[in-house]
Amino acid sequence: MKRKLYVFLLVIISAAALAFAFLGAGGVVSQAAAFPFEQIAWLLRNMSLSGSVGNAAAIILYCAISIAPCAYLPYAYIRKRLYVEDICLPAISILIFISIYLMINPAYITAALGSAAGGMVGRALLGGSVYALFIAYAVSRLMRAFKTSKAIDLYKSLYVFAGFIGIVFAGCAFGVCVSDFLSSISSVKASNTMPGLKLMPTYIFIGLSMVVDIVPLVFDIIIVVMAMDILEKLKKDRFDESIPDDAKRISGLCAGFLSISLFLNAGIYILQLIYAKQLYVIDANIGLPLVSIAFVLCVMLLSFYIRENKQLKDENDGFI
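Let me begin by describing the structure that accompanies this report. Since the model is a prediction, treat every value here as computed from it, not as a measurement. (Residues numbered from 1 in each chain as written. Predicted model: local features only at pLDDT ≥ 70, side-chain atom pairs only at ≥ 80, totals over all residues. Heavy atoms only, no water.)

**Here's the deal with the overall build of the protein chain**
Working step 1: Scanning the protein chain from N- to C-terminus turns up 11 helices and zero strands.
Working step 2: Helices (α) and strands (β) of the protein chain occur, in sequence order from the N terminus, as α-α-α-α-α-α-α-α-α-α-α.
Working step 3: Classification of the 320 residues of the protein chain by burial places 33% in the buried group.
Working step 4: Partitioning the intrachain contacts of the protein chain with sequence separation of at least 6 by distance along the chain shows that 72% fall at a separation of at least 24.
Working step 5: By element, 70% of the accessible surface of the protein chain is carried by carbon and sulfur atoms, the whole surface being about 18,900 Å². (Helix = DSSP H or I, 4+ residues; strand = E, 2+ residues; numbered from the N terminus. Buried < 20%, exposed > 50% of the residue type's maximum accessible area, 1.4 Å probe, protein only. Contact = heavy atoms within 4.5 Å. Areas by Shrake-Rupley, 256 points an atom, 1.4 Å probe, with all protein chains shown as cover.)

Here it is in C-alpha cells:
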C-alpha cells in the first residue's frame, strides 16, 4: 500500500472513530466492538422482513458471512499450509454465526448472556469476542511466519502487522480516548448539579488528560508510517544505502517522542497538584503509556539491528 493511501486510510479511520465516540456518548450507536456485526444484523433483519425472496436472500447472505473465515482452509490444505492455530477459523465462524443471530434478535441476548449483558454491553461483548479470537489467530500466524519465513516474507509480514498496529493506534487515539473524555464530562455534570459550581477547571483538566493520552498514540502512528517506509525499502533491497540513515532518524524520533510523552504525563500530575483545590475530579492513577513505551523500544531495537546489519555487511565487503 502506498504511503499516501495508507495515511488517507488512517484519516478515514480516525474520523470514523471520532464519530463513534460522539455518537456513542449520546447512545445513538452501540460500542465500536459491535461493528460491523450490528449493522449486518440490521440489514439481514430488514431483508428477512421484506418478503419470502428477501428472507431467502438474507439466509444465504447470513450463511456466507458466517462461513467466510473457513474459506481459507481448502486453500491452505491444498498448499499444505494448515497449522494448529487454523482451528480458530471454524471457531470464529461459529462466533460470527451466534453473534449476528443474537443481534438480529436482540431480545435473545439477555436470555442467552444474562441481565448484565443487556443493551449495548451485550452487543459489544459479542463483537468483542470475535475480534479477540481473530487477533489471537492473526498474531499466532504472524509469530509462525517470523520463525519459518525467508527474509523477504518476514518483511512483508512485518509491513502488514505495522499497518494493522497503526490502525489500532488511530482507533484508540480518536475513539477510545475521546469517548473516555466525553464520558468523564458527562459523569462530572451528573454528579455536580448544584448551581454556582465552577466546573470549568475540572473540564479543562479532563481535556488535558485526554490530550496526554492521545499524544503518545499520535507519535506511535508517525513511527508506524516511517517504519513502513523502511520495511518497503527492505522488501526491495535490504542493503539499500538510505536504510541506515532512515533507521537512525526513526531511532532519534523514538527517543524524542518517548521523552515528550513521559514529561507530558508528569506535567499533568504536577498541574493537578497545584490546582487540586479547584478540581472536583482528580486522576490519581499514574497513567504511564506502557504500550507506547514498549512499541517505541521495539522500533528502536529494530532500527539498531538494521544499522548494525548494514555496518557488518560493509565491513565484510571491505575485507573481500
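Let us keep going from here.
**Concerning the environment of Ser14**
Working step 1: In this structure, Ser14 sits in helix 1 (residues 3-25).
Working step 2: Residues Ser14 and Cys172, 158 residues apart in the sequence, show an inter-C-alpha distance of 8.8 Å.

**Focus: empty space enclosed by the protein**
Working step 1: Under the definition given, this model contains two cavities of 30 Å³ or more.
Working step 2: Considering only enclosed or pocket space, the largest cavity measures out at about 60 Å³ in volume.
Working step 3: Contributing to the lining of the largest cavity are Ala227, Ile230, Leu231, Ile250, Val299, Leu302, Ser303 and Ile306.
Working step 4: Among the elements that line the lining of the largest cavity, the one with the most residues is helix 11 (residues 290-319), at four residues. (1 Å grid on protein atoms, 1.4 Å probe; cavity = no way out; pocket = protein on both sides within 12 Å on 5 of 7 lines; lining within 4 Å. Points joined across faces, edges and corners; volume = space filled by probe spheres on them.)

**Section: the packing of helix 2 (residues 37-49) against helix 3 (residues 52-67)**
Working step 1: Two elements in contact, helix 2 and helix 3, have axes whose closest approach is 7 Å; the angle formed by their N-to-C orientations is 155°. By the angle class used here, helix 2 and helix 3 are roughly antiparallel. Where helix 2 approaches helix 3, its residues Ile40, Leu43, Leu44, Met47 and Ser48 are matched on the opposing element by Gly54, Asn55, Ala57, Ala58, Leu61, Tyr62 and Ile65.
Working step 2: For the contact of helix 2 with helix 3, a count of residues per class yields nine nonpolar, three polar and no charged. (Axes fitted to C-alpha atoms, helices over the stretch in contact; angles between N-to-C directions. Parallel < 35°, antiparallel > 145°, perpendicular 65-115°, else oblique. Nonpolar A, V, L, I, M, F, W, Y, C, P; charged D, E, K, R; others polar.)

**So, helix 3**
Working step 1: Look at helix 3: 23 Å from first C-alpha to last across 16 residues, which is about the 22 Å you get at 1.5 Å a residue.
Working step 2: Within the span of helix 3, buried status applies to Gly54, Ala58, Tyr62 and Ser66. One face of helix 3 carries all of its buried residues, which in axial projection span an arc of 95°. Turned more than 90 degrees away from the buried face of helix 3 sit Ser52, Val53, Ile60 and Ile67, all of them exposed.
Working step 3: Elements that come into contact with the buried residues of helix 3 comprise helix 2 and helix 5 (88-104). (Expected span 1.5 Å × (residues − 1). Arc of directions from axis to C-beta.)

**Brief notes about the side chain of Ser99**
Working step 1: Residue placement: Ser99 occurs in helix 5.
Working step 2: Judged by relative accessible area, which is 1%, Ser99 ranks as buried.
Working step 3: Beyond its immediate stretch of four places on either side in the chain, Ser99 contacts Leu126, Ser129 and Val130.

**Side note on the pattern of salt bridges**
Working step 1: This structure, assessed with the given rule, holds six salt bridges.
Working step 2: Linked through salt bridges whose partners overlap, the residues forming this network are Glu85, Asp86 and Arg141. (Salt bridge = Lys/Arg side-chain N within 4 Å of Asp/Glu carboxyl O.)

**Quick notes on the packing of aromatic side chains**
What characterises a pair of aromatic rings is the spacing of the ring centres plus the angle enclosed by the ring planes.
Working step 1: Tallied over the full model, the rule gives six aromatic pairs.
Working step 2: Considering the side-chain rings of Tyr62 and Phe97, the 4.7 Å spacing of their centres and the 15° angle between planes classify their relative orientation as stacked. Of the two residues, Tyr62 is situated in helix 3 and Phe97 in helix 5; the sequence distance between them amounts to 35 residues.
Working step 3: We classify Phe97 as partly exposed; its relative accessible area is 39%.
Working step 4: Arranged with centres 6.1 Å apart and planes meeting at 35°, the rings of Tyr101 and Tyr108 form a pair that is tilted.
Working step 5: The class for Tyr101 is partly exposed, based on a relative accessible area of 38%.
Working step 6: Tyr108 gets classed as partly exposed once you look at its relative accessible area, which sits at 42%. (Phe/Tyr/Trp six-rings, centres within 6.5 Å; stacked < 30°, edge-to-face > 60°.)

Take it as geometry only, folks, not as evidence of what the structure does.
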